Amino acid sequence: MGSLSHVRLITGDRNVALKDKLEQMSSQHSNPFLHIAMWVKGESWCLDALVEAVNDKNKCDTRKKATEAEIVSLTETINKLNAGKFTFGTMFKGDAGKKEDAVQKETVRSELMKDVQLYDVLKKYLTIYLATVAIPNYKKQRTEAYVRAMGRMADGEVRNAENTYGCWNQFQKTILSYNIKY
């Protein structure tokens, strides 16, 4: 701050306060845009979470199709076992073992058939939840977060402006004390 000490030499010791005021002003200033930067980061995270929730709801169809394909595969295997045909899983088993495998696979298949129906129910619940709870709450929370961030930014800008005003107002009073027209 060599230029400030130069100002002190020109104006004398009565303006030591000016140097202190300028240093104080610079130390008290903050970057109010940090509030907006944090808000943007939060928006990005929340939007990613909402998109992931919608994608998971949409994955119900994919999971349902995979389960239906597994049911078809199990049905073919059960039919082969009941017909006494060759399968790699029962290569070393007798007729009783093949029947037991067929019964176990039939149990799995009936559970998977229930799952197919439940995927439709789950997708409906998720759709209703997203439409009536998650998305409206998301909108409300994000609007509130925006208003808070803008309020904090405005407060920071006002404090910065007050500090700047106080410093330069003091400087102007010092200049006017010399009674020199400018």
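Residues numbered from 1 in each chain as written. Predicted model: local features only at pLDDT ≥ 70, side-chain atom pairs only at ≥ 80, totals over all residues. Heavy atoms only, no water.

**Comments concerning the overall build of the protein**
Then, number 1: Each helix and strand counted, the protein has 4 helices and 0 strands in total.
Then, number 2: Start at the N end of the protein and walk to the C end: the helices and strands fall as α-α-α-α.
Then, number 3: A buried classification covers 21% of the 182 residues belonging to the protein.
Then, number 4: Relative to all contacts within the protein whose residues are 6 or more apart in sequence, the contacts with residues 24 or more apart total 77%.
Then, number 5: Summed over all atoms, the accessible surface of the protein reaches about 13,100 Å², with 60% contributed by carbon and sulfur. (Helix = DSSP H or I, 4+ residues; strand = E, 2+ residues; numbered from the N terminus. Buried < 20%, exposed > 50% of the residue type's maximum accessible area, 1.4 Å probe, protein only. Contact = heavy atoms within 4.5 Å. Areas by Shrake-Rupley, 256 points an atom, 1.4 Å probe, with all protein chains shown as cover.)

**Quick notes on the environment of Glu 43**
Then, number 1: With respect to the helices, strands and loops of the structure, Glu 43 is situated in helix α3 (residues 33–83).
Then, number 2: Along the sequence, Glu 43 and Tyr 146 sit 103 residues apart, while their C-alpha atoms lie 8.9 Å from each other.
Then, number 3: For Glu 43, the residues in contact, after removing those within four places along its chain, are Tyr 138 and Arg 142.

**Digging into the pattern of salt bridges**
Then, number 1: Inspection of the entire model under this criterion finds 7 salt bridges.
Then, number 2: For Glu 111, the salt bridge goes to Lys 114, with nearest N and O atoms at 3.5 Å. Of this pair, Glu 111 and Lys 114 both sit in helix α4 (residues 95–176), 3 residues apart, which is roughly one turn of that helix.
Then, number 3: Residue classification places Glu 111 among the partly exposed residues on the basis of a relative accessible area of 40%.
Then, number 4: Across the pair Glu 144 and Lys 140 runs a salt bridge, and its minimum N-O distance is 2.9 Å. A residue pair is termed a helical-turn pair when its members lie 3 or 4 positions apart in one helix, as Glu 144 and Lys 140 do in helix α4 at 4 residues.
Then, number 5: Of the residues examined, Glu 144 reaches a relative accessible area of 34% and is grouped as partly exposed. (Salt bridge = Lys/Arg side-chain N within 4 Å of Asp/Glu carboxyl O.)

**Digging into the confidence of the model for the protein**
Then, number 1: With 83% of its residues at a pLDDT of 70 or more, the protein shows a mean pLDDT of 85.
Then, number 2: Per-element averaging of pLDDT across the protein places helix α1 (residues 2–11) at the bottom with 46 and α3 at the top with 92. (pLDDT = per-residue confidence, 0-100.)

**A short note on the packing of aromatic side chains**
Any aromatic ring pair is given by two values, namely how distant the centres are and how the planes are angled relative to each other.
Then, number 1: Considering all chains together, one arrives at 2 aromatic pairs under this definition.
Then, number 2: With a centroid separation of 5.5 Å and 90 degrees between ring planes, the pair formed by Trp 168 and Phe 171 is classed as edge-to-face. Placement of the pair is Trp 168 and Phe 171 together in helix α4, with a separation of 3 residues, close to one helical turn. (Phe/Tyr/Trp six-rings, centres within 6.5 Å; stacked < 30°, edge-to-face > 60°.)

**A look at the environment of Arg 142**
Then, number 1: Positionally, Arg 142 belongs in helix α4.
Then, number 2: Beyond its immediate sequence surroundings of up to four residues, Arg 142 is in contact with Trp 39, Gly 42, Glu 43 and Cys 46.

**Some words on unusual backbone geometry**
Then, number 1: For Asn 179, which is not a glycine, the phi torsion comes out positive at approximately 55 degrees.
Then, number 2: Turning to its location among the elements, Asn 179 is positioned in the segment after α4.
Then, number 3: The exposure class of Asn 179 is exposed, given its relative accessible area of 72%.

**Structural notes on a nonpolar patch on the surface**
Then, number 1: Together, Leu 118, Val 121 and Tyr 125 make up a nonpolar patch on the protein surface, roughly 330 Å² of accessible area in all.
Then, number 2: Topologically, Val 121 is positioned in helix α4. (Patch = residues over 30% accessible without salt bridge, like charges linked within 9 Å, V, L, I, M, F, W, Y side chains within 5 Å.)

**Focus: α3**
Then, number 1: Under the 1.5 Å per step criterion, the end-to-end length of α3 is 74 Å for 51 residues, consistent within 8% with the ideal 75 Å.
Then, number 2: Residue Asn 58 marks the point of greatest curvature in α3, where the axis turns by about 30 degrees.
Then, number 3: When α3 is considered as a whole, its buried residues turn out to be Ile 36, Gly 42, Glu 43, Leu 50, Lys 57, Cys 60, Lys 64, Thr 67, Ile 71, Leu 74, Ile 78 and Leu 81. (Expected span 1.5 Å × (residues − 1). Bend = angle between axes of the 7 residues up to and from the residue.)

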